[in-house]
Structure formats: structure tokens, C-alpha cells
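# Examining the three-dimensional arrangement
Each chain, letter by letter, is given below.
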Amino acid sequence: MIRAAFPGSFDPPTFGHIDIIERSRSVFDELVVVIAENKQKHYLFSAKERLDMMTEMVKEWKNVSVALCDRLIVDLLSRLNINVMVRGVRNVTDFSYESELSMMNKALSPGIETIFMMTRPEYLVLRSSSVRELAAFNGDLSALVPPVVAGALHKKYGNL
Ligand code: ADP
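One structure accompanies this document, and this report is about it. Every value quoted in this text rests on a predicted model; they were computed, and no experiment measured them.

## Comments concerning the packing of aromatic side chains
Inspection of every chain in the model, using the stated rule, returns two aromatic pairs. Pairing F6 with F10 gives two aromatic rings, centres 5.3 Å apart and planes at 70°, and the pair type is edge-to-face. Across this residue pair, the class does not change: F6 and F10 are buried. Arranged with centres 5.6 Å apart and planes meeting at 75°, the rings of F95 and F116 form a pair that is edge-to-face. Separated by 21 residues along the polypeptide, F95 in helix α4 (residues 92-108) and F116 in strand β5 (residues 113-118) bring together distant segments of the chain. Residue F95 is classed as partly exposed on the basis of its relative accessible area of 41%. Residue classification places F116 among the partly exposed residues on the basis of a relative accessible area of 30%. A cation over a ring is seen here: R50 above Y43, with NZ or CZ 3.8 Å from the ring centre.

Printed below as a string of C-alpha cells:
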């Protein structure tokens, strides 16, 4: 039985994240999506808002759960007894950043393995920051995020 975690900011969650979650949950027996709360970072959505959106998005999948983390991700994983971490990769820039991060995590927690999963071509240029920018200009978000997230974004930017 292999349990894996998929950590990220998810500010907000997108179809790119959902695709990685859907594919990971068929590779691993259980998947915990970990919403990071880093005090150094400024988020558009609070941790609770990101948790609620993600919970709504994965509610049909019985082997997927969602957790919040305000400490080092590897510390939470050790506490939960999870030793596989999934990260999504879109391009070489992501890979370069992700490989450094995975080496740092390896030094901190040698027992945890990072597994990279390539994005689908249709989500190659989909990132949370572009979604936020488009929402600020009241753009059409329907191909990028599910309705629950589009609604929350439009409300945040006063588009409704
Ligand atoms: P970060 O923790 O770097 O802020 P994000 O919340 O943006 O990360 O994303 C969490 C994870 O999902 C990261 O591994 C990121 O590379 C991955 N990811 C983000 N967007 C996509 C996408 N469109 N396709 C595949 N993976 C993605």
C-alpha cells in the first residue's frame, strides 16, 4: 500500500493540478493533497479558502484527501508516515527548480522520494499566477479552473 502526497500552494487550484491529482491517484493507493501555508508568502486565497476549494474539487475521489501544512512539508510527511512526494513539471524551468527543491528535501529527509509527473500538453502554460491575472481583468476562466474556483476568483476581484 503506497501513500503519496502532492504538496503545493494551489492559489488557486487549476485543471493542471487536478490532472496531476487524478493521474497520481491511479498510480498510488492513496493521495494526500497538501496545501502549503508559508508565512513568508503572500497568497490571494487564505489557507482555509484553498482547502475548501480543493476539497470540493476532489470530493468524488475516495482515495484522495486534503490537508493543510504550516511547517516543512517533509516534516508533515514524516509525521503522516508518507514517503512519496509528487510534483508536477511543465517544462525545463520547472524541472530545474523542482530538482533543486527535491535535493534540498532529500538532504532533510533521505527516506522521502520525489516523483515528477509531466503535465498534459493542454496544461503546459497553465499556472495559478496567470489565472489570477486573467481573473483580475474579468477574463473567461472556464478552460483553466472549475466553476467553484472561477466563482471564487470573480468574487475576490469584484467581477460578480
Ligand atoms: P508552488 O508550490 O510551487 O507554488 P503550485 O501551487 O503552483 O506550486 O503547484 C503545485 C504543484 O503543481 C507543483 O509541483 C507545480 O509544478 C505543479 N503544477 C502547477 N501547475 C501545473 C500544470 N499546469 N501542470 C502540471 N503541474 C502543475
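After that view of the structure, there is still more to cover.
## Overview of the site of the ligand
In the vicinity of the ligand lie 16 residues, with S9, F10, G88, T119 and L126 positioned nearest. At 2.8 Å, a side-chain N or O of S9 approaches an oxygen atom of the ligand. At a separation of 2.8 Å, an oxygen atom of the ligand approaches a polar backbone atom of F10. Here the ligand has 540 Å² of accessible area as a free molecule, and 88% of this is covered by the chains. Of the pockets mapped on this structure, the ligand occupies the largest pocket. If you list the elements that add at least two residues to the shell around the ligand, you get β1 (3-8), α1 (15-27) and β4 (84-89). A per-class count over the shell around the ligand returns six nonpolar, six polar and four charged.

## Concerning a nonpolar patch on the surface
Taken together, the side chains of L72, M104 and L108 present a nonpolar region at the surface, about 310 Å² in accessible area. Mapping L72 onto the fold places it in the loop between β3 (64-69) and α3 (73-80). By relative accessible area, L72 is classed as partly exposed at 45%.

## A word on helix α5 (residues 128-136)
When we look at burial in α5, the residues that qualify are S128, V131 and A135. Taken down its axis, α5 places every buried residue within 60° of arc, on the same side. On its buried face, α5 sits against α1 and α6 (147-156).

What counts, and where the lines are drawn
Per chain, residue numbering runs from 1 following the sequence as it is written. Only residues with pLDDT of 70 or above have their local features reported here, since the model is predicted, and side-chain atom pairs are shown and tallied only from 80 upward, although totals for entire chains, interfaces and linings are computed over all residues. Here the side-chain values reflect all heavy atoms present in the structure, with hydrogen atoms and water set aside. Classification of ring pairs uses Phe, Tyr and Trp, with its six-membered ring standing for Trp, and accepts pairs whose centres are within 6.5 Å; under 30 degrees between planes counts as stacked, over 60 as edge-to-face, and the remaining range as tilted. A 1.4 Å probe rolled over the protein chains alone gives each residue an accessible area, and that area as a share of the maximum for its type sets the label: buried under 20%, exposed over 50%, partly exposed in between. What counts as a helix is a DSSP run of H or I of at least four residues, what counts as a strand is a run of E of at least two, and both are numbered from the N terminus. As a reminder, the over-ring test applies to NZ of lysine and CZ of arginine, requiring each to be within 6 Å of the ring centre and within 35 degrees of the ring normal. Think of it this way: one heavy atom of a residue within 4 Å of a molecule or strand is enough to make that residue near it. Any pair of N or O atoms that falls within 3.5 Å is considered a polar contact. Within protein, one atom must be able to donate a hydrogen and the other to accept it, and sequence-neighbouring residues count only if both atoms are side-chain atoms. Each accessible area is a Shrake-Rupley estimate made with a 1.4 Å probe; only the visible protein chains count as cover when residues are assessed. Of the grid points, spaced at 1 Å and generated over the protein atoms alone, those admitting a 1.4 Å probe that cannot get out make up cavities, while open sets with protein on both sides within 12 Å along at least five of seven lines make up pockets; any residue with an atom within 4 Å of a point is treated as lining. Assignment to a cavity or pocket requires that more than half of a molecule's atoms be within 2 Å of the site's grid points. For this classification, Asp, Glu, Lys and Arg are treated as charged, while Ala, Val, Leu, Ile, Met, Phe, Trp, Tyr, Cys and Pro are nonpolar and the rest, including Gly, are polar. The patch calculation keeps residues exceeding 30% relative accessible area without a salt bridge and links them within 9 Å when they carry like charges or within 5 Å when they are nonpolar (Val, Leu, Ile, Met, Phe, Trp, Tyr). Here a salt bridge means any side-chain nitrogen of Lys or Arg lying within 4 Å of a carboxyl oxygen belonging to Asp or Glu. The reported arc concerns the directions from the helix axis to the C-beta atoms and nothing else. The contact criterion used is simple: two residues touch if any of their non-hydrogen atoms lie within 4.5 Å.

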